Amino acid sequence: MVERISDAEHAVMEVLWDESPLTAQDVAERVDPERGWSAATVKTLLGRLLGKEAVRHEVDGRRYLYSPAVRREDYVARESDRLIDRLFGGRLTPLVAHLAERDALSDQDISEIEALLKALKQ
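Just so it is clear, the structure is predicted and the values come from calculations on it, not from any experiment.

Visitor: Help me get a handle on the packing of aromatic side chains, residues and values and all.
Guide: This structure, assessed with the given rule, holds 2 aromatic pairs. On the numbers, 5.5 Å between centres and 40° between planes, the contact of W17 with Y75 is tilted. Of the two residues, W17 sits in helix α1 (residues 7-18) while Y75 sits in helix α4 (residues 72-88), which places them 58 residues apart along the sequence. For the pair W17 and Y75, one class covers both residues: buried. Note on Y64 and Y66: the rings are 6.4 Å apart at their centroids and 55° apart in plane angle, and the pair reads as tilted. Of the residues examined, Y66 reaches a relative accessible area of 8% and is grouped as buried.

Now the structure itself:
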């Protein structure tokens, strides 16, 4: 998968990462109802995702079953790297500093980061 996916496409991917394979109708029924998407909208998004090679499909009688072609973990890693590269010059420390300066880190977040750092040092 080379192309980035839109927020709308990401919502479809989340459904497929949670459960797959699914038909377009199944995906439409599982997407957040507040989006108000029809099955046709979901089919359009699935078509775009197929073109980006983010999903694959298989024929099941007269319908298609869709499943992710990229794992959620791989997608998150790639998008995280892009964010850090674009906004923080590829360095993680400025990101953490930015979050700390904005009081965006809870005590639990800080404890978890400390535990991660401690584990990395060992």
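Visitor: Lay out the pattern of salt bridges with the relevant residues and their values.
Guide: Taken as a whole, this structure holds 10 salt bridges when the rule is applied. With a shortest N-O distance of 2.8 Å, E9 and K52 are connected by a salt bridge. Placement of E9 in helix α1 and of K52 in the loop between α3 (39-51) and β1 (55-60) is noted, with a sequence separation of 43 residues between them. Side by side, E9 and K52 carry an identical accessibility label, which is buried. With a closest N to O distance of 3.1 Å, R30 and E19 form a salt bridge. Taken together, the residues R30 in helix α2 (residues 24-30) and E19 in the loop between α1 and α2 connect sequence positions 11 residues apart. Residue classification places E19 among the partly exposed positions, given a relative accessible area of 39%. If you follow the salt bridges from partner to partner, you end up with R4, R78, E79 and R82 in one network.

Visitor: Got a sec to walk through α4? Specific residues and values, please.
Guide: Look at α4: 23 Å from first C-alpha to last across 17 residues, which is about the 24 Å you get at 1.5 Å a residue. Buried within α4 we find Y75, E79, I84 and F88. Around the axis of α4, the buried residues are gathered within 160° of arc, so they sit on the same side. Among the exposed residues of α4, those pointing more than 90 degrees away from its buried face are D85 and R86.

About the thresholds
- Residues numbered from 1 in each chain as written.
- Predicted model: local features only at pLDDT ≥ 70, side-chain atom pairs only at ≥ 80, totals over all residues.
- Heavy atoms only, no water.
- Phe/Tyr/Trp six-rings, centres within 6.5 Å; stacked < 30°, edge-to-face > 60°.
- Helix = DSSP H or I, 4+ residues; strand = E, 2+ residues; numbered from the N terminus.
- Buried < 20%, exposed > 50% of the residue type's maximum accessible area, 1.4 Å probe, protein only.
- Salt bridge = Lys/Arg side-chain N within 4 Å of Asp/Glu carboxyl O.
- Expected span 1.5 Å × (residues − 1).
- Arc of directions from axis to C-beta.

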